[in-house]
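Structure at a glance
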Amino acid sequence: MSDLVLTALRLGFLILLWILILSIITALRRDLSIGKKARTGQPTAREVRKNPDLAPEPVPAPKKTAHTLAIVEGPLAGTSLELAASPILLGRAQEATVVLEDDYASGRHARLFPQGSRWFIEDLGSTNGTYLGDSQLTRAQPVDVGQTIRIGKTVMELRP
Amino acid sequence: MSEIQTAPVPRRNTELVLLVLALIVAVGANYLVSLSNPDGLDEGFITQGAVLAGMALVMHIVLRIWTKYADPIILPCVVALNGIGIAMIHRLDLVNDDNAATRQLLWTGVAMGAAIITLWAVRDHRILRRAPYIFLAISALLLILPLVPGLGRVINGARIWIFIGPLSFQPGELAKICLALFFAGYLSTHRDLILLAGRKIGPLQLPRAKDLGPMVIAWLVSIGVLVMQSDLGSSILFFGLFMVMIYVATGRISWIVIGLVMVAVAGVFASQVMSHVALRLNSWLNAFDPDVYDQRYGGSRQIVQGLFGLSSGGLFGTGIGNGRPDLVPLANSDMIITALGEELGLIGLVAIILLFVILISRGIRAGLGSRDSFGKLLAAGLSFTIGLQCFVVMGGVTLMIPLTGLTTPFMSAGGSSLLSNWIIVALLLLVSHNARRPAVTGPLNERDMAAAGPDISARAKEREEDQTRRRGKAPASRTTPTNGKGDPA
């Protein structure tokens, strides 16, 4: 084989290597892009058809929505908090949204989070437990307007 | 620890296209090697191409079946690196009249088989979290094995090999995976404690003396490896691994400061007391000194020859089969980077380094997307070991840092390194599958509880923690699939 062909093949190999790199980077582009193109979250109809397990779960029926969390009893009694779209962490830790000054509350005690149009409360493995009405939480449960949540000595409820 | 999610779409077809490209690169490299062979295309060319392509495709199918959401980039990168490595070893075989490439090919098959078995046996990386101390014990055992008389043997001054009959193996390579599993398991359960306790001095929050324990253990293990096995590379690797994992777990710069102080202490100690470390330092600082160059043991000839090779390669390289990488001692293992740099030039070497960078970044990305802290730590730690090995080797052969005997992942001739790195790849693929598959969000329902089995409380707790973290820290940046309508913000 002539030297010219050999040199061409050797340069061709370098080009091939870089084609591989560039194709990998093209394939990566989707992960790297931030914003609308990255399409995190909602899968498209086509993706759902191809992978049925991507289909969004049915949303629970809408109820009367709550807009404030009012603390009824306990050291913080009388205060209330506007509920936005983000979840709320209840506990004694400084990072908590509502910092409970309550000796019976754990650092990260419970979490109140929106799901669909309802709010759910979930115990985060607290020492003394979280009560919704009279029953202790064993799993995340929806909270309706007017139902009382008790953590240690603090009692709170959702209000419209 | 932060978390970023992508749309949960399996991208196996992308992987297949990239894999075919990677195989073309690997076979092309081997074809160029065959061109320089006076015998023309030998049977080695065909078997190498066939084994590599066959195993890669089997692995691809396995990924399609068991982990269909796994990262599509990792496998093609690794196959390309492994293929180029085999081609280079084959090329050096032709000159040295050796059959290292056949052995390497055999080990590649074994290693990919081990990776497939790992994928099949583990399935969900979280089961590895259950018994961190077992992994600690295994790694201690693996590290002690070479010291057992009759089993271990000293090669090139380091006691890191075991010999069972005709087979030789470096157990330290597997120990690094076990150590990463232990650190990930330990730190993911003790993270909160380490994070909260301790007093603050200036901008640094110092950990409690009690929490320093594991770090001291890691430090002692590294020193032990250095002293007992005379293996500088592994000892750097183990300590670096722990330092990075605890930094990823806590995000505290104080750990890095403490770690660097410990490294400095150990470094001064080693360079003063241990002769081979001092030799390494000397051949790094005075590499071009004729006395050091000609030294019989621990001289700088290897490094300097490697540098000459790199410089004769220049920008475009001499072309595969056209250079003299065989002049460098151990060109197919420790110095394979300079061999590649000589024959592929800067352009080719940068491409190879980029493949490593992409691979490592995909591993860290898998950690970033992972929903549990164990997966995060494991992916970060394992990809970091690959990165640190590359840095130590490439820094060593280019005289940036003292040369230490670590292997270039996936490329150097050597079965143990290949085996452990392929297992690392399997673990990274598993973590990335878990990170990229559709999220199960919303409250825990009875079905999940029943499916979760006896250790439900731990899992439920972890899910809650993870959800809190996800929702609490970045609630506006993404919508969950269960949200019904799109994000109003």
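Residues numbered from 1 in each chain as written. Chains lettered and ligands numbered in written order. Predicted model: local features only at pLDDT ≥ 70, side-chain atom pairs only at ≥ 80, totals over all residues. Heavy atoms only, no water.

1. What about the overall build of chain A?
Tallying secondary structure elements over chain A gives two helices and 11 strands in all. Taken from N to C terminus, the helices and strands of chain A fall in the order α-α-β-β-β-β-β-β-β-β-β-β-β. The 160 residues of chain A split such that 41% are buried. Long-range contacts, defined here as pairs at least 24 residues apart, represent 38% of the contacts in chain A between residues at least 6 apart. Carbon together with sulfur atoms contributes 56% to the accessible area of chain A, which is approximately 8,800 Å² in total. (Helix = DSSP H or I, 4+ residues; strand = E, 2+ residues; numbered from the N terminus. Buried < 20%, exposed > 50% of the residue type's maximum accessible area, 1.4 Å probe, protein only. Contact = heavy atoms within 4.5 Å. Areas by Shrake-Rupley, 256 points an atom, 1.4 Å probe, with all protein chains shown as cover.)

2. Section: the nonpolar core
With 124 residues, the main nonpolar core has A:I24, B:V79, B:L340, B:F356, B:F410 and B:W422 as its most contacted residues. Top element by residues in this core is helix α13 (residues 336–369) of chain B. It accounts for 14 residues. For B:W422, the contacting residues outside a window of four places in its chain are B:M59, B:L75, B:V78, B:V79, B:N82, B:A111, B:M112, B:A115 and B:F410. One finds A:V98, A:L132, A:I151 and A:M156 within the second-largest nonpolar core, a separate group that totals 20 residues. (Core = buried A, V, L, I, M, F, W, Y, C linked by side-chain atoms within 4.5 Å.)

3. Here we look at the packing of helix α9 (residues 253–273) of chain B against helix α10 (residues 275–285) of chain B
All names here are of chain B. Interhelical geometry of α9 versus α10 gives an angle of 100° and a closest axis separation of 5 Å. By the angle class used here, α9 and α10 are roughly perpendicular. Contact with α9, carried on its side by A270, S271 and V273, involves S275, V277, A278 and L281 of α10 and no other residues of that element. Looking at side-chain class alone, the contact of α9 with α10 contains five nonpolar, two polar and no charged residues. (Axes fitted to C-alpha atoms, helices over the stretch in contact; angles between N-to-C directions. Parallel < 35°, antiparallel > 145°, perpendicular 65-115°, else oblique. Nonpolar A, V, L, I, M, F, W, Y, C, P; charged D, E, K, R; others polar.)

4. Comments concerning the confidence of the model for chain B
Residue and element names in this part refer to chain B. Mean pLDDT over chain B stands at 82; residues scoring 70 or higher make up 86%. Across residues 451–457, where pLDDT falls below 50, the model places three contacts with residues more than four positions away in sequence or in other chains. Scored below 50 in pLDDT, residues 472–489 makes 29 contacts in the model with residues more than four places away or belonging to other chains. In the predicted assembly, ipTM is 0.83 and pTM is 0.74. (pLDDT = per-residue confidence, 0-100.)

5. Examining the packing of helix α5 (residues 132–144) of chain B against helix α6 (residues 171–196) of chain B
Residues and elements named next belong to chain B. For the pair α5 and α6, interaxial distance at closest approach is 8 Å and the crossing angle is 155°. As summarised for this structure, α5 and α6 are arranged roughly antiparallel, according to the angle between their axes. Seen from above, α5 lies across α6 with left-handed handedness. Here P132, Y133, F135, L136, I138, S139, L142 and L143 of α5 come into contact with α6, specifically with P171, G172, L174, A175, C178, L179, L181, F182, G185, Y186 and H190. Looking at the contact of α5 with α6, its residues break down into 15 nonpolar, four polar and no charged. (Left-handed = near helix turned anticlockwise from the far one by under 90°.)

6. Quick look at helix α8 (residues 232–250) of chain B
Residues and elements named next belong to chain B. Along its 19 residues, α8 runs 27 Å from first to last C-alpha, staying within 8% of the 27 Å computed at 1.5 Å per residue. Judged by how many residues are buried, α8 sits mostly within the fold: 16 of 19 residues are covered. Phi for G251, located one or two positions after α8, is positive at around 70°. (Expected span 1.5 Å × (residues − 1).)

7. Comments concerning the sheet that holds strand β7 (residues 130–132) of chain A
Residues and elements named next belong to chain A. On the basis of which strands lie adjacent, the open sheet formed by six strands has the order β2-β1-β11-β10-β7-β8 and antiparallel pairing. The open sheet has two edge strands with one neighbour each: β2 (80–82) and β8 (135–136). Alignment of strand β1 (residues 68–73) against β2, held across three bridges, turns out to be antiparallel. Note that in β2 the partner of L69 across the bridge is L81. (Pairing = 2+ DSSP bridges.)

8. A closer look at the side chain of B:R91
Along the chain, B:R91 falls in helix α3 (residues 74–96). If we ignore the near neighbours within four places in the chain, the residues touching B:R91 are B:V33, B:I320, B:G321, B:N322, B:G323, B:P325 and B:E343.

9. As for the pairing of strand β11 (residues 154–159) of chain A
All names here are of chain A. For β11, the tally of buried residues reaches five of six residues, placing the bulk of the element in the interior. Relative to β11, β1 runs antiparallel, the two being bridged by five bridges. The partner of L69 across the bridge, within β11, is L158. In the sheet, strand β10 (residues 148–151) pairs with β11 via four bridges, with the strands oriented antiparallel. Within β11, the position partnered with I149 by the bridge is M156. Counting the residues between successive antiparallel strands, the hairpin from β10 to β11 contains two residues, one of them, G152, with a positive phi of roughly 60°.

10. A closer look at the packing of aromatic side chains
By the definition in use, this model includes eight aromatic pairs over all chains. Ring plane angle 15° and centroid distance 5.7 Å describe the contact between A:F113 and A:F120, whose orientation is recorded as stacked. You can call A:F113 buried: its relative accessible area is 0%. On the basis of relative accessible area, A:F120 is assigned to the buried category, the value being 7%. The structure contains a cluster of three or more aromatic residues connected by ring pairs, namely B:Y133, B:F182, B:F183, B:Y186 and B:F242. Over the ring of A:Y131 we find A:R150; its NZ or CZ atom is 4.5 Å from the centre of that ring. (Phe/Tyr/Trp six-rings, centres within 6.5 Å; stacked < 30°, edge-to-face > 60°. Lys NZ or Arg CZ within 6 Å of the ring centre and 35° of its normal.)

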